[in-house]
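# Residue-level structural notes
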Amino acid sequence: MKIFPTKELNFKLIDDQSETLNRLNRRTEKSENLTSQYTEKSFRGIINGNEFKIISSAIGKGAFCVMTGAIESDKGNVKVEIHKVFRILLSVFLVFPIIGLIAMILTKAQEFSPILILVMIGQILVIRYGFIGLAFKFLSRESLNRLRDVLDLEWIKN
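Basis of the calculations
- All residue numbers refer to positions counted from 1 along the written sequence of the respective chain.
- In keeping with the model being predicted, local features are shown solely for residues with a pLDDT of at least 70 and side-chain atom pairs are shown and tallied solely at 80 or more, while totals for entire chains, interfaces and linings include all residues.
- Side-chain numbers come from the whole structure's heavy atoms, not from hydrogens or water.
- Between any two strands, at least two bridges found by DSSP are needed for them to pair.
- What counts as a helix is a DSSP run of H or I of at least four residues, what counts as a strand is a run of E of at least two, and both are numbered from the N terminus.
- To get an axis, a line is fitted to the C-alpha atoms, and for a helix only the part in contact is used. The angle between two axes follows their N-to-C directions and goes from 0 to 180 degrees.
- For salt bridges, the criterion is a side-chain nitrogen of Lys or Arg within 4 Å of an Asp or Glu carboxyl oxygen.
- Burial classes follow relative accessibility: with a 1.4 Å probe on protein chains only, a residue under 20% of its type's maximum area counts as buried, one over 50% as exposed, and anything between as partly exposed.
- The rule is short: rings of Phe, Tyr and Trp, with Trp giving its six-membered ring, pair when the centres are within 6.5 Å, and they are stacked under 30 degrees, edge-to-face over 60, tilted in between.
- Consider the ring centre and the ring normal. A charge sits over the ring if Lys NZ or Arg CZ is within 6 Å of that centre and within 35 degrees of that normal.

## Regarding the sheet that holds strand 6 (residues 75-82)
A sheet is described by the order of its strands in space; here 7 strands give the open sequence 2-3-4-5-6-1-7, paired in mixed fashion. What marks the edges here is a single partner per strand, and that holds for strand 2 (28-30) and strand 7 (153-156). Taking each pair of neighbouring strands and ignoring which way they run, the sheet shows an average axis angle of 35 degrees. Pairing analysis gives 7 bridges linking strand 5 (residues 65-71) to strand 6, with the strands arranged antiparallel. Across the sheet, residue Met67 finds its bridge partner in strand 6, namely Val80.

## Concerning the pattern of salt bridges
Tallied over the entire structure, the rule returns 7 salt bridges. A salt bridge links Glu142 to Lys61, with the nearest nitrogen and oxygen atoms 3.5 Å apart. Pair noted here: Glu142 is in helix 3 (residues 114-151) and Lys61 is in the loop between strand 4 (51-56) and strand 5, with a separation of 81 residues, a long-range link. Residue Glu142 is classed as partly exposed on the basis of its relative accessible area, which comes to 35%. Taking the relative accessible area as the measure of exposure, Lys61 reaches 38% and is therefore partly exposed. Here Lys79 makes a salt bridge to Glu81, at a shortest N to O gap of 3.9 Å. It is possible to trace a salt-bridge network through shared partners that takes in Asp15, Glu19 and Arg23.

## Structural notes on the packing of aromatic side chains
Within the structure shown, the criterion is met by 3 aromatic pairs. The interplanar angle of 85 degrees and the centroid separation of 6.0 Å between the aromatic rings of Phe11 and Trp155 together place this pair among those described as edge-to-face. Residue Phe11 is located in strand 1 (residues 6-13), and its partner Trp155 is located in strand 7; the two are separated by 144 residues in the primary sequence. Using a relative accessible area of 27% as the deciding quantity, one classes Trp155 as partly exposed. For the pair Phe93 and Phe96, a centre-to-centre distance of 5.8 Å together with 75 degrees between the ring planes defines the contact as edge-to-face. Taken as a pair, Phe93 and Phe96 lie in helix 2 (residues 84-107) at a separation of 3 residues, close to a single helical turn. Taking relative accessible area as the criterion, Phe93 reaches 37% and is therefore assigned partly exposed. Lying over the aromatic face of Tyr129, Arg128 brings its terminal NZ or CZ to 4.5 Å of the ring centre.

So this is what it looks like as structure tokens:
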């Protein structure tokens, strides 16, 4: 089980590489920190040659997913993952059920029962797949759709 989800996709360029990179450069505000900030452009991030590391410029939800990839002559790839800051924050949420179980055992709030371990595992699974998984699914789809519109590309089925 991966703690945090990722997506890796390949795409085919409709235009040539130089036109696609030019379009990406025009629609990306340069930023080393990958932080969310209001801008008229579609993305914020770093573009080095044909490689990029960008986030969506949508305030509040754009920084959740970081897109890293490369654009080759007629195709490219992109990897979407959760931003490092959000991974740290979500790791804290994933540890809460364990901390709660340990606190209950140490304070003897109630008699220890093996059912509590199952409840803790269930809570961790709900946090991971219910909250983190669904948030990543919807926010990464939104970021990838924005990337597709800006770069004018077609996704390749694996």
